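# Remarks on the overall topology
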Amino acid sequence: MKFVYTLPKPKFYGAFSLLSIILLLGYIVVFGLVIMNASWSSYGMNLLLQTIWLTLLCSIISIVLGYILAYMIFITNFIARSLLIQMLRLLMILPIMLSIVGIINIYGSNGFMAKFLDTQLVYNRLGVALGFCLYNIPYACSTFLLILQNIPQNRWLIGSQLGMRGFSLFRHVIWSDIIKTTKNLLLIIFFLCFTSFEIVLILGGGKVKNLTTEFYTAMSIGEFELVYDLGLIQIFMGLALLGLLSMTNIQSLQKRGFLIAPDFIHKPSYYLRIMIIIIMSLLLFSPVISIIIKGLSLDIFTIFKQPQFYDSLWDSTWVSLWVASLTIFIILLLCIYRKFYYIFLSMGIVFPSYFLLSMLMIIAFRLKIDFFAYGPFFAIILITLSTIPLVAQMILPSMITSIHSDWRLSMHLSISIFSWLYHILWLKTWRLLLAGFLISFALTLGTYSVLAFLSNDSFKPMMALLADYMGRYRFDLADQLALVILLIYIILFASFSFLNHAQKDDSHADD
Amino acid sequence: MRKLLTIAALLLSMSAAAQKELKIYAYGLLTDDEGLVNIWAKEFEKRCDCKITLIASNASSSQLIQRIRMDPKGGDIVMGIEADYIEQARDLVTHHKISTPDYPFDWQDPEFLAFDYGWLSFIGKNGETLPSSFAQLLENPEIKIILENPRTSGFGYWLHGIYGDQTKEKWKRLQKNIRTITPSWSDAYSLFLKDEGNLVMSYITSPAYHKEFENSEDYIAAIFDEGHYLQIETMALLKTSKNPELARDFFRYVLSKDAQKEVALRNFMLPVADVKLPQSFQWLKLPEKSIKKQPSDPKILEIFR
């Protein structure tokens, strides 16, 4: 169902349009700078063609496996089902370096899986594929589960009455709903893989590279010709994504389906389903579990005796609070002005170019701004831009669903925008907004690249401190800090799960 | 009139008493609480009656250079630019006008002064058989190494310094030895400590850290017959400096024995002055042959793409 808003009083429209235009202008200026300076060498294109198949293959595998897991969870009732669903969301927001450490614990040269299978699982193309899949399957699974739970109940009923099972059930009942999402998901996962840096460089063992690894390397050694060439391709791809995504509408969830498949739907054997769920869960969660198990042997209290820890905790906290607040504010506006959604979504893809080329632009134009005096301010803006896409993906459909039934009524009543924001949007979706707030907060805690560039001794968030400890051979403190960060994530995530659960309860009460 | 004179006298005395200020750019590990430059800055402040502001960049030499370029106010000194990167920063700095000290290596540069150095080396476990040359390493693909990106770490120059025109071919052969390549030194070293490889590329002085703070001799550097890449950290006077004389005084202090004795345990590099090294450093084996970047071939890093 197409869902279009007409605001009661479009006062914010101008302000939000301006914000979007500034962002677009940013694109255009960076794009112009890149075009002017690019040498148009074939290296970038060769790199693109070399890596495209691996990225595409991993994206397809992530989507297929994500769907299988989502379907098994949807049709199976088991203890801790809810916990498993929420845990999948934790995997989506973990800092990438923590995930990589976990993957190496299990699949690395001395990892359990490598020893069990007696083969080298990481530091090659397989390692990159493993990293991509383990990182993206939870995302695909969560998205598919949401779609499955929103297939109208009567469709399941008709399918069942017609005796559909297996492929025919998939083809006639499920397919039409998931195909749109699958296309978007494939695009997004493809680009997430494409912009991946650490996974490709570390788990690829140096034998695999992509546009982003080459982009960062070229930046590090000052090969600016290559930076511009690769930036050009990234921006073209970002624009292509923008174009492709904007062809589809955001799918609003109509709360018409089953949270769990009813008994009349045909299902494979219970033991088979449970086995698939257990195996896939073990594959996905073993890296995080390994970090926790290894962490048990650490003397975690040493980190609490370090004065720098509290300074960095404070820095991380206030930056994260700002980013989370701004993110939620913009998502609220996106909820109203959905046509701008894709501008922000595409920012997630071109962000590395956008950030680094913005730096080059400042150098090129010698702007009379003391950029670093306002480092935290710029960090907040840049991190917000990188956080919005994922958070919007996670909460925007549910938000639109929550307010769907009330928007028309509010229009008829001609209520003011502020009443609308408070009585409709806030009261109906505050838990979702808070959940989004916590996700943004968590994502900011795990951000490093932007903060590494903009931080200094008086502003050193936790990830920068982690890098410092590692740089000083203090791997013991780094391990402890990583564990503390993971625990903070688990606490935030538990809060998110609680809120999300409560939101669902509220929604059902509304029904 | 008397009031005016009093105010003028007060202003004059205030300006005379105003402290001079030095603004120093350096990477984060040099400027944090335990960092070498931070310690030097505190000590120098006591001597010069001046104020030192440290501007840290938690990034590589190249990003440190970009950071200076992005600062419209400019500063006085940059510290920590590796010798590989000095050409990128040449336009930002000016002649130091200091007589070059008697360095333990060949170093003559009108703009950049070396303040510490170290050799790149592969670190392995004490007790295991370590290769004694690159040739031996290449012959034993079962010896797995963890490298930092050769284009950003000096490893590329090391290999090129040994093999010259054959670098590309040797790099291809070395692929069999490579367990993984990481974005930074710390990622590489962390993986090595998790036993993910037999050798890690680091500094020849790394075992001194384990000896000094963990009282452990578990890790040693493999000394290669072909020689080791010499990594030199430099400092320079920025063109934007408002207090060049004070900056030169700072350089003189940094190069003094008093300051240089801090290098070993603060930065785990070697001092450029002849100072007594701590016990943990005296245990180290040092190479007999040094390899330096060949300035004639700026495109050499493209081999490692």
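Below or above, wherever it landed, is the structure these notes cover. (Residues numbered from 1 in each chain as written. Chains lettered and ligands numbered in written order. Predicted model: local features only at pLDDT ≥ 70, side-chain atom pairs only at ≥ 80, totals over all residues. Heavy atoms only, no water.)

With that settled, consider the pattern of salt bridges. Residues and elements named next belong to chain B. Tallied over the full model, the rule gives 16 salt bridges over all chains. Between Glu-43 and Arg-47 there is a salt bridge whose closest N-O contact spans 3.4 Å. With a gap of four residues between them, Glu-43 and Arg-47 both fall in helix α3 (residues 36–48), about one helical turn apart. Residue classification places Glu-43 among the partly exposed residues on the basis of a relative accessible area of 26%. (Salt bridge = Lys/Arg side-chain N within 4 Å of Asp/Glu carboxyl O. Helix = DSSP H or I, 4+ residues; strand = E, 2+ residues; numbered from the N terminus. Buried < 20%, exposed > 50% of the residue type's maximum accessible area, 1.4 Å probe, protein only.)

Residues and elements named next belong to chain A. Relative to each other, helix α6 (residues 125–148) and helix α8 (residues 166–194) sit at 155°, their axes nearing to 10 Å. The orientation of α6 with respect to α8, classified from their angle, is roughly antiparallel. As for how α6 packs across α8, the hand of that crossing is right-handed. Across the interface between the two elements, Phe-132, Asn-136, Tyr-139, Ala-140, Thr-143, Phe-144, Ile-147 and Leu-148 of α6 pack against Ile-174, Asp-177, Ile-178, Thr-181, Thr-182, Leu-185, Ile-188, Ile-189, Leu-192 and Cys-193 of α8. The residue makeup of the contact of α6 with α8, split by class, is 13 nonpolar, four polar and one charged. (Axes fitted to C-alpha atoms, helices over the stretch in contact; angles between N-to-C directions. Parallel < 35°, antiparallel > 145°, perpendicular 65-115°, else oblique. Left-handed = near helix turned anticlockwise from the far one by under 90°. Contact = heavy atoms within 4.5 Å. Nonpolar A, V, L, I, M, F, W, Y, C, P; charged D, E, K, R; others polar.)

All names here are of chain B. Most of strand β3 (residues 77–82) is tucked away, with six of its six residues classed as buried. Where strand β1 (residues 20–27) lies against β3, three bridges are found, and the strand directions are parallel. Bridging across to β3, Ile-24 finds its partner in Ile-77. Looking at chain direction, β3 and strand β10 (residues 228–238) are connected through five bridges and run antiparallel. By the bridge assignment, Ile-77 is partnered in β10 with Leu-237. (Pairing = 2+ DSSP bridges.)

Bringing the packing of aromatic side chains into the picture now. Evaluated as defined, the whole model comprises 39 aromatic pairs over all chains. Ring geometry for Phe304(A) and Phe309(A): centres 5.4 Å apart, planes at 80°, overall edge-to-face. Its relative accessible area of 32% is what places Phe304(A) among the partly exposed residues. Since its relative accessible area comes to 2%, Phe309(A) is described here as buried. Between Phe475(A) and Trp185(B), the aromatic rings sit 6.3 Å apart at their centres with planes inclined by 45°, giving tilted as the arrangement. Highlighted residues: Phe475(A) in helix α20 (residues 475–510) and Trp185(B) in helix α10 (residues 185–193), drawn from two different chains. Of the two residues, Phe475(A) and Trp185(B), both sit in the buried class. Ring pairing ties together the aromatic residues Phe122(B), Phe134(B), Phe155(B), Trp158(B), Tyr163(B), Trp171(B) and Phe224(B), which thus form one cluster. (Phe/Tyr/Trp six-rings, centres within 6.5 Å; stacked < 30°, edge-to-face > 60°.)

Okay, the pairing of β10(B) next. Residue and element names in this part refer to chain B. Where burial is concerned, most of β10 is hidden: 11 out of the 11 residues are buried. Alignment of strand β4 (residues 93–94) against β10, held across two bridges, turns out to be antiparallel. Within the sheet, the bridge partner assigned to Val-93 lies in β10 and is Leu-238. Judged from the seven bridges that link them, strand β5 (residues 112–125) and β10 form a sheet pairing that is antiparallel. Looking at the pairing, Phe-112 lines up with Ala-236 of β10. Here β10 runs beside strand β12 (residues 290–291); their pairing, made up of two bridges, is parallel. Across the sheet, His-228 pairs through a bridge with Ser-290, a residue of β12.

Function-wise, these values are silent; they only describe arrangement.
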